[in-house]
Amino acid sequence: MLARPHPVLGWLHCQPEDSRRLLDRQLTHRDHALEADPSFSGMPASFVEETWVNWLPKAVAKPFYRDQLTAHVAELERQITNLSREIELQSGGLLDQRDAAVDLRQRLKHLLDNS
């Protein structure tokens, strides 16, 4: 059996035995959510919380998962750098436009005040 994506953390692939246990836990949480609200659909919030609070801290001790987390952190760092650069480029252009408008306003006000 191949590694499958984690139901909550889609970028993290799980080993087959973990995939089975995760699906069982997810279905248990779904069943509890359906008991409380028969029209429930989607990912149970309690399963998401369990993933972050219980499962992931234990899984990170295993090299299979630790390597994926390390790679994902590096990818997030690249994304953040690229987004920051893009924001700077876009906002930099807007700042230049604003500065030009401020300068033009000051020149025109100066002309109006001195005439």
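Just above sits the structure.
Caption draft 1: Seen up close, the packing of aromatic side chains. Scanning all chains against the criterion turns up 2 aromatic pairs. Ring geometry for Trp55 against Tyr65: centres 5.3 Å apart, planes inclined by 75°, an arrangement best described as edge-to-face. Of the two residues, Trp55 is situated in helix H2 (residues 45-59) and Tyr65 in helix H3 (residues 63-113); the sequence distance between them amounts to 10 residues. Of the two residues, Trp55 and Tyr65, neither departs from the other in class, the shared state being buried. Pairing Phe64 with Tyr65 gives two aromatic rings, centres 5.0 Å apart and planes at 85°, and the pair type is edge-to-face. The buried category is assigned to Tyr65, whose relative accessible area is 0%.

Caption draft 2: Quick peek at the nonpolar core. Residues Leu9, Leu12, Cys14, Leu22, Phe47, Trp55, Leu56, Ala59, Tyr65 and Leu69 constitute the largest nonpolar core, which totals 10 residues. Those elements that provide at least two residues to this core are H2 and H3. In terms of residue count, H2 provides more of this core than any other element does, 4 residues in total.

Caption draft 3: Main features of the pattern of salt bridges. In this structure the tally under the stated criterion is 7 salt bridges. In this structure, the salt-bridge partner of Arg98 is Asp99, at a minimum N-O distance of 3.0 Å. Given a relative accessible area of 49%, Arg98 falls into the partly exposed group. Residues Arg107 and Asp103 are paired through a salt bridge, measuring 3.4 Å at the closest nitrogen-oxygen approach. You can see Arg107 and its partner Asp103 sitting in helix H3, 4 residues apart, about one turn around the helix. Residue classification places Arg107 among the exposed residues on the basis of a relative accessible area of 57%. We classify Asp103 as partly exposed; its relative accessible area is 36%. Salt bridges sharing partners connect three or more residues here, namely Asp18, Arg21 and Lys62.

Rules and cut-offs
- Residue numbers here run from 1 along each chain, matching the order of that chain's written sequence.
- Totals for whole chains, interfaces and linings use all residues, but because this is a predicted model, local features are given only for residues with pLDDT of at least 70 and pairs of side-chain atoms are given and counted only at 80 or more.
- The side-chain values count all of the structure's non-hydrogen atoms but skip hydrogen atoms and water molecules.
- By convention, a stacked pair of Phe, Tyr or Trp rings (six-membered ring in the case of Trp) has centres within 6.5 Å and planes under 30 degrees apart, an edge-to-face pair has planes over 60 apart, and any other such pair is tilted.
- By the criteria applied, helices consist of DSSP H or I runs no shorter than four residues and strands consist of E runs no shorter than two, each listed in order from the N terminus.
- The classification of residues rests on relative accessible area computed with a 1.4 Å probe and restricted to protein chains. Under 20% of the type maximum is buried, over 50% is exposed, and intermediate values are partly exposed.
- Here, the term nonpolar core denotes a set of buried Ala, Val, Leu, Ile, Met, Phe, Trp, Tyr and Cys residues that are joined through side-chain atoms within 4.5 Å.
- Take a side-chain nitrogen of Lys or Arg and a carboxyl oxygen of Asp or Glu: if they are within 4 Å of each other, that pair is a salt bridge.

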